[in-house]
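Observations on chain architecture
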Amino acid sequence: MSFTLYGRTLSSRFLLGTAGYPSPEVLRQAVRASGAQILTVGLKRTLAAAGDNGFIAAVRDTLRETGGQLLPNTAGCRTAREAITLAHMARELYDTAWIKLEVVGDEYTLQPDPWELVAAAEQLVRDGFQVFPYCTDDLVTCRRLLDAGCELLMPWGAPIGSGQGLLNPFALRTLRARLPGVPLIVDAGIGAPSHAAQAMELGIDAVLLNSAVAQAGDPVRMAAAFGQAIAAGRLGFEAGVMARQDMAVASTPVDGRPFLIG
């Protein structure tokens, strides 16, 4: 079940966001229940709030306990220049070369801007960052990001925070088929554990989500539910999901076989 991102081997395929939780303690408990080893944090959100009210301390403490990895993100950026500047600030503040790169191009859908995203990725790779690009499920854009030096991709399932699940499973299946060996992490739009399991059954390597846990009635139990769903979906993919059929196929064929009628 383990996999590797930028040279780091991880046992959990669940990446968890840290925004919007009712309290730092609920966040701590949710992370423990999830089994997640990578936590994201938005520097721009923290700076805008002029403090974090204890949430960053909760993230750091939990990472120390679990041996996990922090993944700062550039959420809220609208241009490559802005994202690059924020990434450098995050590296100085959090002492990590990992960066989740977000460059939004549309205010309504929060869809990534492919041109600004690729430009930012190219520069950040040159600057020594290990880039986790949040992108759409467009194959050509994904190839451009790989050409820019990204070693993995984070295609969306649906618009951020919408909870709609996988709007285009065909596109994700195509990415998996056309980009074998490239780690794929579905990021954004996941609303229920079943959505995460579906992504994993398609051969996606991991799932990143935030709102579906943070906004749940019981974030801690929901975090545990997602952790189990992701593990189950991956196991199902590795086991080989049966082919879909257009017609009914008897599970217990009897033609040509002797049987008794009591």
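So, here is what we can say about the structure in this document. (Residues numbered from 1 in each chain as written. Predicted model: local features only at pLDDT ≥ 70, side-chain atom pairs only at ≥ 80, totals over all residues. Heavy atoms only, no water.)

This part takes up the packing of helix α1 (residues 24-34) against helix α3 (residues 55-66). Between α1 and α3, the shortest axis-to-axis distance is 9 Å and the interhelical angle comes to 25°. With respect to their mutual orientation, α1 and α3 come out roughly parallel. Crossing hand, α1 versus α3: right-handed. Listed contacts from α3 to Pro24, Leu27, Arg28, Val31 and Arg32 of α1 are Phe55, Ala58, Val59, Asp61, Thr62 and Glu65. Taken together, the residues that form the contact of α1 with α3 break down as six nonpolar, one polar and four charged. (Axes fitted to C-alpha atoms, helices over the stretch in contact; angles between N-to-C directions. Helix = DSSP H or I, 4+ residues; strand = E, 2+ residues; numbered from the N terminus. Parallel < 35°, antiparallel > 145°, perpendicular 65-115°, else oblique. Left-handed = near helix turned anticlockwise from the far one by under 90°. Contact = heavy atoms within 4.5 Å. Nonpolar A, V, L, I, M, F, W, Y, C, P; charged D, E, K, R; others polar.)

Counting 76 residues, the largest nonpolar core has Leu5, Leu16, Leu101, Phe132, Ile185, Leu209 and Val213 as its most contacted members. With seven residues, helix α4 (residues 80-94) is the single largest residue contributor to this core. (Core = buried A, V, L, I, M, F, W, Y, C linked by side-chain atoms within 4.5 Å. Buried < 20%, exposed > 50% of the residue type's maximum accessible area, 1.4 Å probe, protein only.)

We now examine the environment of Tyr21. Relative to the assigned elements, Tyr21 resides in the loop between β3 (14-17) and α1. Note on Tyr21: relative accessible area 5%, which makes it buried. For the pair Tyr21 and Gln215, spaced 194 residues apart in sequence, the C-alpha to C-alpha distance is 7.2 Å. Beyond its immediate chain neighbours, meaning those up to four positions away, Tyr21 contacts Leu16, Val26, Leu27, Ala30, Phe55, Asn210, Val213, Ala214 and Pro219. A distance of 3.2 Å separates a polar atom in the side chain of Tyr21 from the backbone oxygen of Gly17. (Polar contact = N/O pair within 3.5 Å; in protein donor to acceptor, adjacent residues only side chain to side chain.)

Although it is not a glycine, Asp95 adopts a positive phi angle of roughly 55°. Following the sequence through the fold, Asp95 ends up in the loop between α4 and β6 (98-101). Look at Asp95 and you get exposed, because its relative accessible area is 69%. In this model, Ala188 sits at a positive phi of 95°, which is unusual for a non-glycine residue. In this structure, Ala188 sits in the loop between β9 (185-187) and α8 (193-201).

Of the two faces of β3, the one lined by Phe14 and Leu16 and the one lined by Leu15 and Gly17 are each fully buried. Of the strand pairs in this sheet, β3 and strand β4 (residues 38-42) are connected by three bridges, and their pairing is parallel. Counterpart to Gly17 in the pairing with β4 is Thr40. Regarding topology, α1 serves as the crossover connection from β3 to the parallel β4, and that connection is right-handed. (Pairing = 2+ DSSP bridges. Right-handed = clockwise from strand over helix to strand, strands pointing away.)

A word on the side chain of Asn73. Among the structural elements, Asn73 can be located in strand β5 (residues 69-73). Within the local environment of Asn73, its side chain forms a polar contact with the backbone nitrogen of Ala75, the two atoms lying 3.0 Å apart. Excluding residues that lie within four positions of it along the chain, Asn73 makes contacts with Thr40, Val41, Gly42, Leu43, Leu86, Ile99, Lys100 and Glu102.

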